[in-house]
Number of protein chains: 2
Amino acid sequence: MVTIYDIAEKAGVSAMTVSRVINNTGRISEKTRAKVKRVMDELGYVPNQMARSLVLQETRLLFLMITDITNPFYTTLARGAEDAAKKHGYRLLFGNTDEDLEKENDYIDAVLKTRADGVLLAPAGDASLPHLEMLRRHRVPFVLLDREVPGMDSDVVLGDSKEGARQLVKQLVGGGHRRIALINGSRTISSARERLEGYREALKLNDLEYDEALVLETSFGPRSDLTGIEAWLDRMRPLPTAFVAGNNVLAVELMRSLRSRGLRVPEDVSLVCFDELASYAEMDPFLTVISQQAYQFGHLGMQMLLDRIRSRDEPSPAWRKVVLPAELIVRRSVRQL
Amino acid sequence: MVTIYDIAEKAGVSAMTVSRVINNTGRISEKTRAKVKRVMDELGYVPNQMARSLVLQETRLLFLMITDITNPFYTTLARGAEDAAKKHGYRLLFGNTDEDLEKENDYIDAVLKTRADGVLLAPAGDASLPHLEMLRRHRVPFVLLDREVPGMDSDVVLGDSKEGARQLVKQLVGGGHRRIALINGSRTISSARERLEGYREALKLNDLEYDEALVLETSFGPRSDLTGIEAWLDRMRPLPTAFVAGNNVLAVELMRSLRSRGLRVPEDVSLVCFDELASYAEMDPFLTVISQQAYQFGHLGMQMLLDRIRSRDEPSPAWRKVVLPAELIVRRSVRQL
DNA sequence: GATTAATATGTTACCGATAACTCTAAATTA
DNA sequence: TAATTTAGAGTTATCGGTAACATATTAATC
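In this text, all values refer to a predicted model and were calculated from it rather than measured experimentally.

1. A closer look at the sheet that holds strand β1 (residues 61-66) of chain A
All names here are of chain A.
Alright, step 1. Pairing is parallel across the open sheet formed by six strands, whose spatial order is β2-β1-β3-β4-β5-β11. A single partner strand is all that each edge strand has here, and the edge strands are β2 (91-96) and β11 (321-324). Each neighbouring strand pair of the sheet contributes to a mean axis angle of 15°, computed without reference to strand direction.
Alright, step 2. Pairing of strand β5 (residues 155-159) with β11, which is carried by four bridges, proceeds in the parallel orientation. Bridge assignment links Gly159 to a residue of β11, and that residue is Leu324.
Alright, step 3. Helix α5 (residues 72-87) contacts β1, β2, β3 (118-121) and β4 (142-145) of the sheet and is inclined by roughly 165° relative to β1.

Structure, rendered in structure tokens:
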């Protein structure tokens, strides 16, 4: 590998002079600058980022940890984060945790070893707390996305889950539905809790009774729990006329199960959910959804993270909690009873 | 930040002893090992990967460059690559080029600066050649995915595009179709060329004439060229009875355009394509597709890359070109004429 | 008990860059 | 002309680790 010393020798100057040319610092005569540049081109020199990082004590490397790389909500979010990072000259390392605490732990470890300048993460759940404490302890700035973790104050970008759930239920009630089920993620995830809460509130508001049997707590994640869904559907009789799904993955899995029983949406049952499906599924968008600004989650979160990094040495300002409003998009998956 | 020197001092040993404990090298008495470990825990020590990399001359960092992070083909591929990398103790840095040569160039630059141990990439096109030459020049092992680049010998994992196109056309011909259009990616991309070639061969085999007007060359990428598609559809009269789409993105965009003209698939026109849509779109899978083993692309490609890295110093064996067979999955998007 | 071997640990140099300081020669000022 | 600036370099130490070699114990052998 070519180093600045190789350049320096061939150009007949000191390594420091080469460093100055590279970074445009200090005073260099045009003549030597040109000579050094020519030699650099000749030898195909590329600076060694690690050596720089070691002495500069910053890596210009950020980490984004998401829980499901095949979920379009998260890939869109990733694009937003990437765009913002790139604009400010940071590189972005992705990690895919699959909602798995152990994988998350491995990635946290990688973050610390790599000395990343900051982390953007959608935590696997409340049990991510020790991971966050680890980051805090090592003074790695981080911003949470989509989910809060009780017991840890930090910057966080959230969607308005409670309000979203309320609106979805309201939409169903408006369609004449009174027996409304909820299939949701684990209660160890703040957004799932909020959605459950919004669901309950909306029921109450409409004088509908909360029936525990109509609520299934499973996983937001990519590993489907089809047998759990099947069993749940078997237990509920009569079947509810409408379903709320806590996210897009659950909506799809529920639809699969319904379809296998010969039930069509919306003819036989109605269905609404959080988050858009893949853009490729939108050839024929028919699900009524709460559409969250996925790109903004990543973009805004990244800006907040960069703010923290920039002001790392200053007395840290109060934590910022941004709640992005979500939009109800009415399509054709709710039947008017 | 805590360093091995802090540990060493507090444990009353030398830095080297600490290093030995960390890496389990050399001989260390159980007593000192325990003492050092205790101090490490106490201070919350995490090794500095950069410092290690600098002296070891390896980063254990790999790069995966894909052309569209929102395309499920690539995210599934990414998962395959990630799984394989993780298993061997490597971390994986993702880059999203959006089929854009300039972005690709930026990422190549990042790879070199970071001194990544290897690269897995789906090149933006034939014009990626200089980027690959750059990698070769700097002795960075790489494996191409999904696309070849003329003029550059290397390991590569491809799908059988030609055969896939043949099968898709055959399927349509079998349905009685004789006027078959093709919407394809840019001819600067090897897989697009292969697909065109397969399409032409299949037409010939079935005594159908190749009509240039029935072929649209646009982009595989995420930035839609809707007006181009609209104009193309306007030009063709009568409209073909069937379409082959060069990938999933194009299939979706074409369907949108068709839908906006009130044309339904398969009632009014038939449509087949390469690659599955998002798994979330598979609630109701109805497109007949050539399904490629996306996960295998990433997984196998990563294994090949790791092989190269391991044998970097040995005389390099011949380049390996793996062609993964693709499977025709017949669904309901082709109408029997 | 002296010599040798094995075990446990320390020292030094280096990976590739940059910060902080120093030095030299030319340019400017008094 | 001597004193002072200033432009344009060079020197040295350092970031946090590890390899290679050196050294000090302890154990084994004769």
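2. A closer look at the domain arrangement of chain A
A common way to report how large an interface is uses the accessible area buried once the components associate.
All names here are of chain A.
Alright, step 1. If you check the domain split of chain A, you get domain 1 (4-47), domain 2 (59-159 + 294-326) and domain 3 (161-292).
Alright, step 2. Domain 2 and domain 3 are separated by 28 Å when their C-alpha centres are compared.
Alright, step 3. Taken together, the contact between domain 2 and domain 3 spans 19 residues of the former and 22 residues of the latter.
Alright, step 4. Inspection of the domain 2/domain 3 interface yields one salt bridge.
Alright, step 5. Joining domain 2 to domain 3, the criterion identifies six residue pairs in polar contact (both at pLDDT 80 or more).
Alright, step 6. Split into classes, the residues belonging to the side of domain 2 that touches domain 3 amount to seven nonpolar, four polar and eight charged.

3. Re the protein's contact with DNA strand D
Alright, step 1. In the vicinity of DNA strand D, 27 residues are found, and the nearest of them are Thr17(A), Arg20(A), Ser29(A), Thr32(A) and Ser19(B).
Alright, step 2. Here, DNA strand D places atoms within 4 Å of the protein, and 65% of those atoms are sugar or phosphate.
Alright, step 3. At 2.7 Å, a backbone N or O of Ser14(A) approaches a phosphate oxygen of DNA strand D.
Alright, step 4. Contact distances for DNA strand D include 3.3 Å between a base nitrogen and a backbone N or O atom of Ala51(B).

Cut-offs used in this document
- Each chain carries its own residue numbering, running from 1 in the written order of its sequence.
- In the order they appear in the text, chains get letters beginning with A and ligands get numbers beginning with 1.
- Reporting of local features is limited, given that this is a predicted model, to residues whose pLDDT is at least 70; pairs of side-chain atoms are given and counted only at 80 or more, and all residues count toward the totals for whole chains, interfaces and linings.
- No hydrogens and no water enter the side-chain calculation; it runs on all heavy atoms of the structure.
- At least two DSSP bridges between two strands are needed for those strands to be called paired.
- Helix and strand assignments follow DSSP, with helices taken as H or I runs no shorter than four residues and strands as E runs no shorter than two, numbered in order from the N terminus.
- In this analysis, axes come from line fits to C-alpha atoms, helices being fitted only over the stretch in contact, and the angle between any two N-to-C directions falls in the range 0 to 180 degrees.
- Two residues form a contact once any of their heavy atoms are found within 4.5 Å.
- The source of the domain bounds is an automatic or database domain assignment.
- For this document, the term salt bridge refers to a Lys or Arg side-chain nitrogen within 4 Å of an Asp or Glu carboxyl oxygen.
- Side-chain atoms alone can form a polar contact between residues adjacent in sequence; in general such a contact is a pair of N or O atoms within 3.5 Å, and within protein one must be able to donate a hydrogen while the other accepts it.
- For this scheme, ten residues count as nonpolar: Ala, Val, Leu, Ile, Met, Phe, Trp, Tyr, Cys and Pro. Four count as charged, namely Asp, Glu, Lys and Arg, and the remainder, Gly too, count as polar.
- By convention in these notes, a residue is near a molecule or strand provided one of its non-hydrogen atoms lies within 4 Å of it.

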